[in-house]
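# Remarks on the overall topology
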Amino acid sequence: MSDPNTYARDLVDLATPYWETEAELTRRFFASKPSKEVWTRYLKAAVYKELNPVIGYGPTDGFACGLHMEFSTLVDRFEGVDAGLDRRQFHNRLEQMIEEFMHYTVLAEVLEDLLGRPLTQDDPVQLGEDDKLNKLRHRYVNSDNVAVSAVMELTEGGGTATFREGAKLTGGEFETRLAAAFKVIADDEDGHVVHAADDLKGVVETPADFEAAKTALLDVSMQRLHMRNEMFSEPMSRTELDAYLTERGGTPINV
């Protein structure tokens with residue numbers, strides 16, 4: 001564990017059992033044949049998450065949602081073009097937020113079909129475990145330890161587990177449309193893990209860096225499972241979730 005070149009790979013290996021467990025939560029949710037009420041609850045929480053991507057946001061007072069705050073910040077920063085602003089970093093951030101808005105759009109369209117009416121701003125709902133996740137990530141993203149803040153990128157999307165499994169969903173017209181929406185998101189996030197791991201290579205350089213990044217990674221990865229389990233109306237009990245995670249080499253954590 002002393003070679004800095006292995007740290008990024010080791011962190012991916014540590015996260016993998018949590019991603020595999022999230023994939024199983026997704027499969028069990030689909031296999032439960034959710035009712036319209038359960039699908040509605042999930043999709044209202046899902047569109048909230050896309051409007052408020054969990055990238056360490058704090059309070060969004062004064063804005064409609066996290067994306068509104070992010071786009072507003074980007075607009076304000078635009079005056080820095082040709083005045084010291086890194087164009088590529090700016091473009092990358094803009095593209096990321098555009099993707100997040102498209103993810104919201106494809107899921108919102110499915111939810112509107114399910115409800116039989118246009119969405120209102122009151123429809124997106126944040127569930128309790130997602131709120132805990134966002135606050136936990138906010139603390140780590142804003143850490144003074146660069147390795148800790150950098151490893152948060154690796155926790156984005158849970159290795160695309162939910163959307164990768166969701167793209168396989170089959171059934172009637174609703175399931176087909178939802179699978180197509182999931183595929184849009186999965187395709188956009190394809191390669192995200194590789195990119196995040198590459199970014200870690202120049203940041204996690206010492207055993208102390210690795211241990212700090214590991215603690216943050218596992219805390220957030222565990223809370224992601226609680227978040228996803230709640231969104232899916234708990235297809236696993238806490239005992240089942242911990243056992244499944246342990247079988248795959250992960251470590252259940254109290255967060």
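Note that residues are indexed from 1 along each chain, following the sequence as it is written. It should be noted that, the model being predicted, local features are given only for residues of pLDDT at least 70 and side-chain atom pairs only at 80 or more, the latter also being counted only at that level, while totals for whole chains, interfaces and linings use all residues. Side-chain metrics in this entry use all non-hydrogen atoms of the structure; hydrogen atoms and water are not considered.

Further remarks concern helix α8 (residues 173-189). An α-helix turns once per 3.6 residues; consequently, residues spaced three or four apart project the same way. Under the DSSP-based scheme used, a helix requires at least four consecutive residues in state H or I and a strand at least two consecutive residues in state E, with every element numbered from the N terminus. A helix is expected to span 1.5 Å multiplied by its residue count minus one. Spanning 17 residues, α8 covers 25 Å between terminal C-alpha atoms, matching the ideal 24 Å at 1.5 Å per step. Relative accessibility decides the category of a residue: with a 1.4 Å probe and only protein chains considered, values under 20% of the type maximum give buried, values over 50% give exposed, and everything between is partly exposed. Those residues of α8 that sit buried are Phe174, Leu178, Ala179, Ala181, Phe182, Ile185, Ala186 and Glu189. Buried residues of α8 fall within an arc of 165° about the axis and therefore sit on the same side. Where α8 ends, the next residue or the one after it, Gly191, has phi of about 90°, a positive value. The directions from the helix axis to the C-beta atoms form the arc being described.

This paragraph deals with unusual backbone geometry. Within the chain, Lys33 stands out as a residue other than glycine whose phi angle is a positive 55°. As for its position among the elements, Lys33 is in the loop between α1 (4-31) and α2 (36-51). The phi torsion at Asp82 lies on the positive side, around 65°, for a residue other than glycine. Along the chain, the position of Asp82 falls in the loop between α3 (66-77) and α4 (87-115). For Asp82, a relative accessible area of 60% gives the class exposed.

In this section: the packing of α3 against α4. With their axes 11 Å apart at the nearest point, α3 and α4 run at an angle of 150° to one another. In terms of orientation, α3 and α4 fall into the roughly antiparallel class. Relative to α4, the crossing made by α3 is left-handed. Here α3 contributes Leu67, Glu70, Phe71, Leu74 and Arg77 to the contact with α4, which in turn contributes Phe90, Arg93, Leu94, Met97, Ile98, Glu100 and Phe101. Here the contact of α3 with α4 is built from residues that sort into eight nonpolar, no polar and four charged. Structural elements are reduced to axes, namely lines fitted to C-alpha atoms, with helices fitted over the stretch in contact, and the angle between N-to-C directions of any two is expressed from 0 to 180 degrees. Oblique is the label for any angle not covered by the other classes, which are roughly parallel (under 35 degrees), roughly antiparallel (over 145) and roughly perpendicular (65 to 115). Here is the rule for handedness: rotate from the far helix to the near one, and if that takes an anticlockwise turn smaller than a right angle the crossing is left-handed, while a clockwise turn gives right-handed. By the convention used here, residues are in contact when the closest approach between their heavy atoms is within 4.5 Å. Under the scheme applied here, ten amino acids are nonpolar (Ala, Val, Leu, Ile, Met, Phe, Trp, Tyr, Cys and Pro), four are charged (Asp, Glu, Lys and Arg), and all others, including Gly, are polar.

Time to look at the packing of aromatic side chains. To pair, rings of Phe, Tyr and Trp, with the six-membered ring standing in for Trp, must have centres within 6.5 Å; the planes then decide the type, stacked if under 30 degrees apart, edge-to-face if over 60, and tilted in the middle. Scanning the entire structure with this criterion turns up 13 aromatic pairs. Measuring from centroid to centroid gives 5.2 Å for Tyr7 and Phe210, while their planes differ by 25°, and the two rings are stacked. Here the residue Tyr7 occupies a position in helix α1, and Phe210 occupies one in helix α10 (residues 207-231), the gap between them amounting to 203 residues. Exposure remark for Phe210: the relative accessible area of 3% places this residue in the buried category. With centroids separated by 5.1 Å and ring planes inclined at 70°, the aromatic side chains of Phe29 and Trp39 adopt a geometry described as edge-to-face. Taken together, the residues Phe29 in helix α1 and Trp39 in helix α2 connect sequence positions 10 residues apart. A relative accessible area of 1% places Phe29 in the buried class. Here the aromatic cluster, defined as three or more aromatic residues joined through ring pairs, consists of Phe29, Phe30, Trp39, Tyr42, Phe163, Phe174, Phe182 and Phe232. Charge-over-ring contacts are defined here by two conditions on Lys NZ or Arg CZ: a distance within 6 Å of the ring centre and an angle within 35 degrees of the ring normal. Lying across the ring of Tyr140, Arg139 places its NZ or CZ 4.8 Å from the centre. For the cation-ring pair, Arg248 lies above Tyr244, with the distance from its terminal atom to the ring centre recorded as 3.5 Å.

Here we take up the pattern of salt bridges. Whenever a carboxyl oxygen of Asp or Glu lies within 4 Å of a side-chain nitrogen of Lys or Arg, that contact is scored as a salt bridge. Under the definition given, this model contains 19 salt bridges. For Glu70, the salt bridge identified is with Arg93, shortest N-O distance 2.8 Å. With Glu70 in helix α3 and Arg93 in helix α4, this pair connects stretches of sequence that are 23 residues apart. Under the relative-accessibility criterion, Glu70 is labelled buried at 10%. One salt bridge connects Asp187 with Lys183, and the closest N-O pair in it is separated by 2.8 Å. Of this pair, Asp187 and Lys183 both sit in helix α8, four residues apart, roughly one helical turn. Note on Asp187: relative accessible area 45%, which makes it partly exposed.

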